[in-house]
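# Working through the structure, step by step
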Amino acid sequence: DAGVIQSPRHEVTEMGQEVTLRCKPISGHNSLFWYRQTMMRGLELLIYFNNNVPIDDSGMPEDRFSAKMPNASFSTLKIQPSEPRDSAVYFCASRARGSSYNEQFFGPGTRLTVL
Amino acid sequence: GQSLEQPSEVTAVEGAIVQINCTYQTSGFYGLSWYQQHDGGAPTFLSYNALDGLEETGRFSSFLSRSDSYGYLLLQELQMKDSASYFCAVLVRDDKIIFGKGTRLHILP
(Lines give C-alpha, C1' and ligand atoms only; values in the text may rest on other atoms or scores of the structure.)
Protein backbone atom coordinates (compact mmCIF):
# COMPACT_ATOMS: atom_id res chain seq x y z
CA ASP A 1 0.00 0.00 0.00
CA ALA A 2 1.50 3.31 -1.10
CA GLY A 3 -0.33 5.36 1.49
CA VAL A 4 -1.85 8.74 0.79
CA ILE A 5 -0.08 10.46 -2.08
CA GLN A 6 0.16 14.21 -2.43
CA SER A 7 1.66 16.35 -5.14
CA PRO A 8 3.54 18.51 -5.43
CA ARG A 9 5.62 18.15 -2.25
CA HIS A 10 6.80 21.73 -2.50
CA GLU A 11 5.30 24.66 -4.35
CA VAL A 12 6.66 28.17 -4.58
CA THR A 13 4.54 30.68 -6.41
CA GLU A 14 3.92 34.37 -6.64
CA MET A 15 1.00 36.22 -5.20
CA GLY A 16 -1.97 36.20 -7.52
CA GLN A 17 -1.14 32.89 -9.17
CA GLU A 18 -3.40 29.86 -9.12
CA VAL A 19 -2.26 26.90 -7.06
CA THR A 20 -3.60 23.35 -7.36
CA LEU A 21 -2.76 20.70 -4.80
CA ARG A 22 -3.50 17.06 -5.50
CA CYS A 23 -4.26 14.05 -3.37
CA LYS A 24 -4.74 10.36 -3.95
CA PRO A 25 -6.28 8.63 -0.92
CA ILE A 26 -5.63 5.08 0.13
CA SER A 27 -7.62 2.68 -2.00
CA GLY A 28 -10.85 1.66 -0.32
CA HIS A 29 -11.00 4.62 2.03
CA ASN A 30 -14.32 6.47 1.90
CA SER A 31 -13.43 9.70 3.66
CA LEU A 32 -10.94 12.36 2.61
CA PHE A 33 -9.82 15.40 4.56
CA TRP A 34 -7.86 18.52 3.65
CA TYR A 35 -5.92 20.27 6.44
CA ARG A 36 -3.74 23.36 6.62
CA GLN A 37 -0.96 23.62 9.19
CA THR A 38 0.82 26.77 10.33
CA MET A 39 2.71 27.63 13.48
CA MET A 40 0.16 30.22 14.45
CA ARG A 41 -3.05 28.33 13.81
CA GLY A 42 -2.01 24.72 14.17
CA LEU A 43 -3.73 21.99 12.18
CA GLU A 44 -6.96 23.31 10.68
CA LEU A 45 -9.57 21.20 8.94
CA LEU A 46 -10.49 22.90 5.68
CA ILE A 47 -12.98 20.48 4.12
CA TYR A 48 -13.82 16.81 4.11
CA PHE A 49 -15.61 14.40 1.82
CA ASN A 50 -17.51 11.19 2.45
CA ASN A 51 -17.97 8.99 -0.60
CA ASN A 52 -16.77 11.87 -2.83
CA VAL A 53 -19.42 14.25 -1.46
CA PRO A 54 -18.34 17.38 0.45
CA ILE A 55 -19.77 17.17 3.95
CA ASP A 56 -18.35 20.19 5.73
CA ASP A 57 -16.45 23.06 4.12
CA SER A 58 -16.85 25.49 6.99
CA GLY A 59 -13.09 25.55 7.46
CA MET A 60 -12.39 26.85 3.97
CA PRO A 61 -10.97 30.34 4.60
CA GLU A 62 -12.71 32.19 1.80
CA ASP A 63 -13.95 31.96 -1.75
CA ARG A 64 -10.42 31.83 -3.07
CA PHE A 65 -10.29 28.23 -1.85
CA SER A 66 -12.13 25.41 -3.56
CA ALA A 67 -11.92 21.62 -3.39
CA LYS A 68 -13.21 18.84 -5.57
CA MET A 69 -13.32 15.08 -5.45
CA PRO A 70 -14.39 13.86 -8.89
CA ASN A 71 -13.89 10.21 -7.98
CA ALA A 72 -12.86 7.99 -5.10
CA SER A 73 -9.18 8.09 -5.98
CA PHE A 74 -8.50 11.77 -6.55
CA SER A 75 -9.06 15.15 -4.95
CA THR A 76 -7.80 18.67 -5.58
CA LEU A 77 -7.53 21.79 -3.48
CA LYS A 78 -7.30 24.98 -5.49
CA ILE A 79 -6.35 28.46 -4.37
CA GLN A 80 -7.04 31.29 -6.76
CA PRO A 81 -5.67 33.87 -6.48
CA SER A 82 -3.03 32.89 -3.96
CA GLU A 83 -1.82 35.30 -1.26
CA PRO A 84 1.28 35.26 1.00
CA ARG A 85 -0.89 34.40 4.02
CA ASP A 86 -1.79 31.11 2.31
CA SER A 87 1.77 29.91 2.88
CA ALA A 88 1.49 26.73 4.96
CA VAL A 89 1.78 22.98 4.81
CA TYR A 90 -1.35 21.40 3.34
CA PHE A 91 -2.12 17.84 4.32
CA CYS A 92 -4.54 15.41 2.81
CA ALA A 93 -5.75 12.49 4.91
CA SER A 94 -8.03 9.56 4.28
CA ARG A 95 -9.95 7.19 6.47
CA ALA A 96 -11.90 4.00 6.09
CA ARG A 97 -15.35 5.13 7.19
CA GLY A 98 -16.71 3.03 9.99
CA SER A 99 -13.29 2.01 11.24
CA SER A 100 -13.48 1.38 14.94
CA TYR A 101 -10.44 3.50 15.71
CA ASN A 102 -11.30 6.39 13.38
CA GLU A 103 -7.68 6.43 12.29
CA GLN A 104 -6.77 9.02 9.70
CA PHE A 105 -3.83 8.35 7.40
CA PHE A 106 -2.03 11.51 6.41
CA GLY A 107 -0.12 12.17 3.24
CA PRO A 108 3.36 13.73 3.36
CA GLY A 109 1.96 17.22 2.82
CA THR A 110 2.55 20.00 0.33
CA ARG A 111 4.65 22.90 1.56
CA LEU A 112 3.28 26.00 -0.15
CA THR A 113 5.15 29.28 -0.23
CA VAL A 114 3.46 32.30 -1.77
CA LEU A 115 5.82 35.18 -2.38
CA GLY B 1 -17.87 26.89 19.94
CA GLN B 2 -15.60 23.89 19.97
CA SER B 3 -12.18 23.97 21.57
CA LEU B 4 -9.37 21.73 22.71
CA GLU B 5 -6.73 22.76 25.20
CA GLN B 6 -3.34 21.13 25.62
CA PRO B 7 -0.02 22.50 26.85
CA SER B 8 2.14 24.04 24.16
CA GLU B 9 5.35 22.48 25.41
CA VAL B 10 6.50 19.77 27.82
CA THR B 11 10.05 18.80 28.74
CA ALA B 12 11.11 15.45 30.20
CA VAL B 13 14.22 13.36 30.67
CA GLU B 14 15.11 10.28 28.67
CA GLY B 15 13.86 7.14 30.41
CA ALA B 16 11.25 9.02 32.42
CA ILE B 17 7.45 9.15 32.16
CA VAL B 18 5.50 12.12 30.82
CA GLN B 19 1.79 12.89 30.67
CA ILE B 20 0.24 15.24 28.13
CA ASN B 21 -3.22 16.47 29.08
CA CYS B 22 -6.09 17.50 26.86
CA THR B 23 -9.37 19.12 27.81
CA TYR B 24 -12.10 19.68 25.31
CA GLN B 25 -15.35 21.49 24.85
CA THR B 26 -17.25 20.18 21.87
CA SER B 27 -20.72 19.18 20.78
CA GLY B 28 -21.54 15.64 19.78
CA PHE B 29 -18.44 14.02 21.28
CA TYR B 30 -17.71 10.48 20.08
CA GLY B 31 -14.09 9.89 20.96
CA LEU B 32 -10.59 11.24 21.58
CA SER B 33 -7.58 10.45 19.43
CA TRP B 34 -3.87 11.17 19.75
CA TYR B 35 -1.46 11.80 16.90
CA GLN B 36 2.31 12.18 16.80
CA GLN B 37 4.13 14.46 14.40
CA HIS B 38 7.90 14.69 13.97
CA ASP B 39 9.42 17.85 12.56
CA GLY B 40 8.92 17.95 8.82
CA GLY B 41 6.68 14.90 8.89
CA ALA B 42 3.00 14.14 8.79
CA PRO B 43 0.79 13.34 11.78
CA THR B 44 0.55 9.64 12.55
CA PHE B 45 -2.15 7.95 14.58
CA LEU B 46 -1.34 6.74 18.08
CA SER B 47 -4.58 5.90 19.85
CA TYR B 48 -8.33 6.35 20.10
CA ASN B 49 -10.58 6.27 23.17
CA ALA B 50 -14.33 6.11 22.80
CA LEU B 51 -15.04 4.89 26.32
CA ASP B 52 -13.81 5.98 29.73
CA GLY B 53 -10.64 4.36 30.92
CA LEU B 54 -7.08 3.60 30.01
CA GLU B 55 -5.91 2.06 26.74
CA GLU B 56 -2.37 0.74 26.63
CA THR B 57 -0.25 0.17 23.54
CA GLY B 58 3.34 -0.62 24.36
CA ARG B 59 5.06 2.36 25.94
CA PHE B 60 2.11 4.63 25.18
CA SER B 61 -1.20 4.76 27.03
CA SER B 62 -4.21 6.99 26.55
CA PHE B 63 -6.92 7.85 29.05
CA LEU B 64 -10.37 9.34 28.71
CA SER B 65 -12.92 10.69 31.16
CA ARG B 66 -16.04 11.73 29.30
CA SER B 67 -17.67 13.21 32.39
CA ASP B 68 -14.68 15.52 32.88
CA SER B 69 -14.16 16.21 29.15
CA TYR B 70 -10.56 15.26 29.75
CA GLY B 71 -7.98 12.89 28.44
CA TYR B 72 -4.26 12.35 28.51
CA LEU B 73 -1.48 10.60 26.70
CA LEU B 74 1.10 8.83 28.86
CA LEU B 75 4.51 8.05 27.46
CA GLN B 76 6.76 5.72 29.44
CA GLU B 77 10.46 4.89 29.16
CA LEU B 78 10.99 7.98 27.07
CA GLN B 79 13.39 7.71 24.17
CA MET B 80 15.01 10.50 22.21
CA LYS B 81 12.97 9.47 19.18
CA ASP B 82 9.82 10.41 21.10
CA SER B 83 10.74 14.08 20.67
CA ALA B 84 7.86 15.32 18.56
CA SER B 85 4.58 17.20 18.70
CA TYR B 86 1.54 15.39 20.04
CA PHE B 87 -1.99 16.36 19.08
CA CYS B 88 -5.24 15.42 20.73
CA ALA B 89 -8.20 15.27 18.37
CA VAL B 90 -11.90 14.94 19.04
CA LEU B 91 -14.33 13.07 16.83
CA VAL B 92 -17.63 14.96 16.70
CA ARG B 93 -20.79 14.54 14.68
CA ASP B 94 -20.77 13.86 10.95
CA ASP B 95 -17.35 12.17 11.23
CA LYS B 96 -15.66 15.52 11.74
CA ILE B 97 -12.36 15.55 13.62
CA ILE B 98 -11.07 18.65 15.41
CA PHE B 99 -7.41 18.86 16.36
CA GLY B 100 -5.81 20.66 19.27
CA LYS B 101 -2.87 22.95 18.65
CA GLY B 102 -0.38 20.33 19.73
CA THR B 103 2.14 19.83 22.52
CA ARG B 104 5.79 19.91 21.65
CA LEU B 105 7.66 17.31 23.71
CA HIS B 106 11.33 18.00 24.38
CA ILE B 107 13.41 15.13 25.75
CA LEU B 108 16.66 15.77 27.54
CA PRO B 109 19.43 13.17 27.60
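Further up the page is the structure itself.
Thresholds applied
- Starting afresh in each chain, residues are numbered from 1 along the sequence in its written order.
- The lettering of chains begins at A and the numbering of ligands begins at 1, in the order of writing.
- Residue-level local features of this predicted model are given only where pLDDT is at least 70; pairs of side-chain atoms are given and counted only at 80 or more, and the full residue set underlies all totals for whole chains, interfaces and linings.
- The basis for every side-chain value is the complete set of non-hydrogen atoms in the structure, without hydrogens or water.
- Any carboxyl oxygen of Asp or Glu within 4 Å of a side-chain nitrogen of Lys or Arg constitutes a salt bridge here.
- Summary of the burial criterion: residues with accessible area below 20% of their type's maximum are buried, those above 50% are exposed, and those between are partly exposed, where the area comes from a 1.4 Å probe applied to protein chains only.
- By definition, any uninterrupted DSSP run of H or I lasting at least four residues is a helix, any uninterrupted run of E lasting at least two residues is a strand, and each is numbered from the N terminus.
- Within this scheme, the nonpolar core is defined by two criteria: the residues are buried Ala, Val, Leu, Ile, Met, Phe, Trp, Tyr or Cys, and they are joined through side-chain atoms within 4.5 Å.
- Any two residues having at least one pair of non-hydrogen atoms within 4.5 Å are treated as being in contact.
- Any two strands are treated as partners once DSSP identifies two or more bridges connecting them.
- Angular values range over 0 to 180 degrees, each being the angle between N-to-C directions of two axes fitted as lines to C-alpha atoms, with helices fitted over their stretch in contact.
- Accessible area that two parts lose when put together, with a 1.4 Å probe and added across both, is what the buried area reports.
- In protein, a polar contact means a hydrogen-donor-capable atom and an acceptor-capable atom, both N or O and within 3.5 Å, with residues adjacent in sequence counting only if both atoms are side-chain atoms; elsewhere, any N or O pair within 3.5 Å suffices.
- Residues are sorted three ways: Asp, Glu, Lys and Arg are charged, Ala, Val, Leu, Ile, Met, Phe, Trp, Tyr, Cys and Pro are nonpolar, and all the rest, Gly among them, are polar.

Let's shift gears to the pattern of salt bridges. Residues and elements named next belong to chain A. Across all of its chains, the model carries 11 salt bridges over all chains by this definition. The partner of Arg-64 in a salt bridge is Glu-62, with the nearest N and O atoms 2.8 Å apart. Residue class for Glu-62 comes out partly exposed when judged on its relative accessible area of 27%. Among the ionic pairs, Arg-64 bridges to Glu-83, the shortest N-O distance being 3.5 Å. A residue pair is termed long-range when its members are at least 10 positions apart, and Arg-64 in the loop between strand 6 (53–56) and strand 7 (65–71) and Glu-83 in the loop between strand 8 (74–79) and strand 9 (88–95) qualify at 19 residues. Among the charged side chains, a salt-bridge network with shared partners connects Glu-62, Arg-64, Glu-83, Arg-85 and Asp-86.

With that out of the way, let us pick up the nonpolar core. What tends to happen in soluble globular proteins is that the nonpolar side chains get buried as a cluster. Membership of the largest hydrophobic core comes to 23 residues, with the highest contact counts inside it found for Leu-32, Leu-75, Tyr-86 and Leu-105 of chain B. Looking at this core, the elements with two or more residues in it are strand 2 (9–13), strand 3 (18–25), strand 4 (31–37), strand 7 (60–65), strand 8 (70–75), strand 9 (84–91) and strand 11 (103–108) of chain B. The residues contacting Tyr-86 of chain B, other than those within four sequence positions of it, are Gln-6, Ile-20, Tyr-35, Gln-36, Leu-46, Phe-60, Leu-73, Leu-75, Gly-102, Thr-103 and Leu-105 of chain B. Leu-21, Met-60, Leu-77 and Leu-112 of chain A belong to the second-largest nonpolar core, a separate cluster that totals 21 residues.

A word on the sheet that holds strand 3 of chain B. Residues and elements named next belong to chain B. Taken in spatial order, the 5 strands of this open sheet run 1-3-8-7-6, and their pairing is antiparallel. Looking at which strands have only one partner, the edges of the open sheet turn out to be strand 1 (3–5) and strand 6 (53–57). In this sheet, neighbouring strand axes are inclined to one another by 15° on average, regardless of whether the strands run parallel or antiparallel. As judged from the 6 bridges shared by strand 3 and strand 8, these two strands associate in the antiparallel manner. By the bridge assignment for strand 8, Cys-22 is matched with Gly-71.

Time to look at the interface of chain A and chain B. Residue-level contacts link 23 residues of chain A with 16 residues of chain B. In total, about 1600 Å² of surface goes out of reach between chain A and chain B, with carbon and sulfur atoms giving 54% of it. Put simply, Lys-96 of chain B and Asp-56 of chain A hold a salt bridge, and the shortest N to O gap is 3.0 Å. Counting across the interface, chain A meets chain B through 5 residue pairs in polar contact (both at pLDDT 80 or more). Breaking the side of chain A that touches chain B down by element, the ones donating at least two residues are strand 4 (31–38), strand 5 (42–50), strand 6 and strand 9 of chain A. The element that contributes the greatest number of residues to the side of chain A that touches chain B is strand 5 of chain A, accounting for 4 residues. Looking at side-chain class alone, the side of chain A that touches chain B contains 11 nonpolar, 7 polar and 5 charged residues.

Residues and elements named next belong to chain B. Looking at the element boundaries, Leu-73 is found in strand 8. In sequence terms Leu-73 and Glu-55 are 18 residues apart; their C-alpha atoms lie 9.6 Å from each other. Among all residues touching Leu-73, those that are not within four sequence positions of it are Val-18, Gln-19, Ile-20, Trp-34, Leu-46, Ser-61, Ser-62 and Tyr-86.

This part covers the sheet that holds strand 8 of chain A. All names here are of chain A. The strand order across the open sheet built from 4 strands is 1-3-8-7, with neighbouring strands paired in antiparallel fashion. The strands lining the two open edges of the sheet, one partner per strand, are strand 1 (5–7) and strand 7. When the angles between neighbouring strand axes are averaged without regard to direction, this sheet yields 15°. Bridge analysis of strand 7 against strand 8 gives 5 bridges, and the strand direction is antiparallel. The residue of strand 8 that forms the bridge with Ala-67 is Leu-77.

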